[in-house]
Amino acid sequence: MDYTMKRLLLLAFLSLNIFSVNADTLTLKAGHPETYVVKKGDTLWDISGYFLNDPWRWPKLWGVNPQIANPHLIYPGDRLTLVFIDGQPRLVVKQHIKKSPEGRIASKDGPIPAVDLSLIQPYLTQNRVVDPAVFAALPIVMSGESPSLHHVVSDIIYVNAQLELGLKVAMYETGREFFSQERDALLGQEMILTSSGRVIESGPISKVELLSSLRETKGGFKVAPVEDEALMSAYFVPKAADLAVPAAIIAINGNIREAGKLDVVYLDRGSEDGVKTGHVFSMYRDGEDITIDNDGMPVRTLDRSSYDKVLAHFSEDTIHKMPDIFHGNLLVFKVFDKTSLGLIMFNERPARVGDKLVKPEPLTLKGD
């Protein structure tokens, strides 16, 4: 190998390593504080937003600090101080201590969570997406001891299946069917929790006593065992999603047209595609196609004449795709087989169905 080739390979190696280091470097926000006192209602994401351009990277901000080996054990009253360890910004905590044998003052509400749990708790416990075949095979509510068509807490309902005595079950209303346009496939059937209960009599037609009710339960609603993962911890650690194929938003909770910060959306990728709880995606809208007309002038898609549309159809040389537009970040908090639920944590522009979801890249703006 000649000298010139060796130098080129060395430069390439150094460039890759420099890029990796830069990509893993935390970017401090301009005007960030030097200290911060944790308040009731704070979240780990919120606090990191005071210090970082990429608040989802809070595990790295606290990762090497032995005092916060578990960053979930941070309480209101704790004072966080920004320091530098090996050139990297880190937060260290000074715990709120009483001058008495009782020691640390712990909030009655416990340690602060990663995100506002009240925003996602209903979806952790109420929403499921299952395979359509599984959904079709579930037993249904037939009727109840009460002549009413609507059943609530303490009512006894009848289910057309022999269920195990004492089994805890949940009743679900039929929700939406989710499709992937990119894969031209049905991804799953949404199920919306209405009530829960316990089997008090087993037989060809089982009796279930309703123990809790979010809304009235009716005949025809589906019945399934209580979902274990509905009780899962929401104290997850965010990490960059890195899928081989970009994901996309397929639905917005409430069927609204656009979603903003702290809204919940459905993704067209799930555990089968490698999506995990805690994954963070960047949201992008596809860049617009600009056509060059006969006068050499750029024409936007909405402004195309019939002639421009024909020209664009037959001549790819006249079409120029603009860069994709960044819209914000979302955090995955619940995963199904082929779909998942995400919470929009930051947005510069409203998100819509069809927006593309890719691996988040660190912001390159430098703070003070």
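Our structure's up above, just so we're on the same page.
Keep in mind that what you see is a predicted model, and the values were worked out from it rather than measured.

1. Details of the overall build of the protein
Logical step 1: Assigned secondary structure in the protein consists of six helices and 20 strands.
Logical step 2: Across the 368 residues that make up the protein, the buried fraction comes to 42%.
Logical step 3: Within the protein, residue pairs in contact and separated by at least 24 positions form 69% of the contacts whose partners lie at least 6 positions apart.
Logical step 4: Surface exposure of the protein reaches about 20000 Å², of which carbon and sulfur atoms provide 56%.

2. Brief notes about helix α2 (residues 44–51)
Logical step 1: Burial analysis of α2 places six of its eight residues in the buried class, the great majority of the element.
Logical step 2: Where α2 is concerned, the buried positions are L44, W45, I47, S48, G49 and F51.

3. What to know about the pattern of salt bridges
Logical step 1: Scanning the entire structure with this criterion turns up 12 salt bridges.
Logical step 2: Across the pair R285 and D355 runs a salt bridge whose closest N-O atoms are separated by 2.4 Å. Of this pair, R285 sits in strand β14 (residues 279–285) while D355 sits in the loop between β19 (340–347) and β20 (356–358); the two residues are 70 residues apart in sequence, bridging distant segments of the chain.
Logical step 3: What emerges from the salt-bridge pattern is a single network uniting D286, K321, D324 and K356.

4. A short note on the pairing of strand β13 (residues 264–267)
Logical step 1: Taking every second residue as pointing to the same face, both faces of β13 are buried, with V264 and Y266 on one and V265 and L267 on the other.
Logical step 2: Strand direction decides the pairing type here: strand β12 (residues 247–252) and β13, joined by three bridges, are antiparallel. If you follow I252 over to β13, its bridge partner there is V265.

5. So, the side chain of D78
Logical step 1: Locating D78 in the fold gives a position in the loop between α3 (58–62) and β2 (79–85).
Logical step 2: By relative accessible area, which is 0% here, D78 ends up buried.
Logical step 3: A polar contact of 3.0 Å, which involves the side chain of D78, links it to the backbone nitrogen of Y75.

6. Some points on the environment of V223
Logical step 1: Of note, V223 is situated in strand β10 (residues 222–225).
Logical step 2: A relative accessible area of 2% means that V223 is categorised as buried.
Logical step 3: Through-space distance from the C-alpha of V223 to that of S196 is 9.2 Å; in sequence the pair is 27 residues apart.
Logical step 4: Aside from chain neighbours lying at most four places away, what touches V223 is L138, P139, I140, V141, V159, V169, A170 and M171.

7. Details of the nonpolar core
Logical step 1: Core analysis: the largest hydrophobic core is formed by 38 residues, its most contacted members being W45, I47, F51, L61, W62, Y266 and F333.
Logical step 2: Considering every element that reaches this core, the biggest residue donor is α2, with four residues.
Logical step 3: Listed in part, the 17 residues of the second largest apolar core include A241, L267, V332 and V335.

8. A few points about the environment of I325
Logical step 1: One can find I325 in strand β18 (residues 325–335).
Logical step 2: Among the residues examined, I325 registers a relative accessible area of 36% and is labelled partly exposed.
Logical step 3: The sequence separation of I325 and E288 amounts to 37 residues, and the corresponding C-alpha distance is 9.3 Å.
Logical step 4: Not counting the four nearest positions on each side in its chain, I325 is found in contact with M283, Y284, R285 and R349.

9. A few points about the side chain of T217
Logical step 1: Position of T217 among the secondary structure elements: in the loop between β9 (206–213) and β10.
Logical step 2: Residues in contact with T217, not counting those within four places in the same chain, are V141, L149, H150, H151, M171, T194, S195 and L210.

Cut-offs used in this document
- Residues numbered from 1 in each chain as written.
- Predicted model: local features only at pLDDT ≥ 70, side-chain atom pairs only at ≥ 80, totals over all residues.
- Heavy atoms only, no water.
- Helix = DSSP H or I, 4+ residues; strand = E, 2+ residues; numbered from the N terminus.
- Buried < 20%, exposed > 50% of the residue type's maximum accessible area, 1.4 Å probe, protein only.
- Contact = heavy atoms within 4.5 Å.
- Areas by Shrake-Rupley, 256 points an atom, 1.4 Å probe, with all protein chains shown as cover.
- Salt bridge = Lys/Arg side-chain N within 4 Å of Asp/Glu carboxyl O.
- Pairing = 2+ DSSP bridges.
- Polar contact = N/O pair within 3.5 Å; in protein donor to acceptor, adjacent residues only side chain to side chain.
- Core = buried A, V, L, I, M, F, W, Y, C linked by side-chain atoms within 4.5 Å.

Honestly, it's all geometry; don't read function into it.
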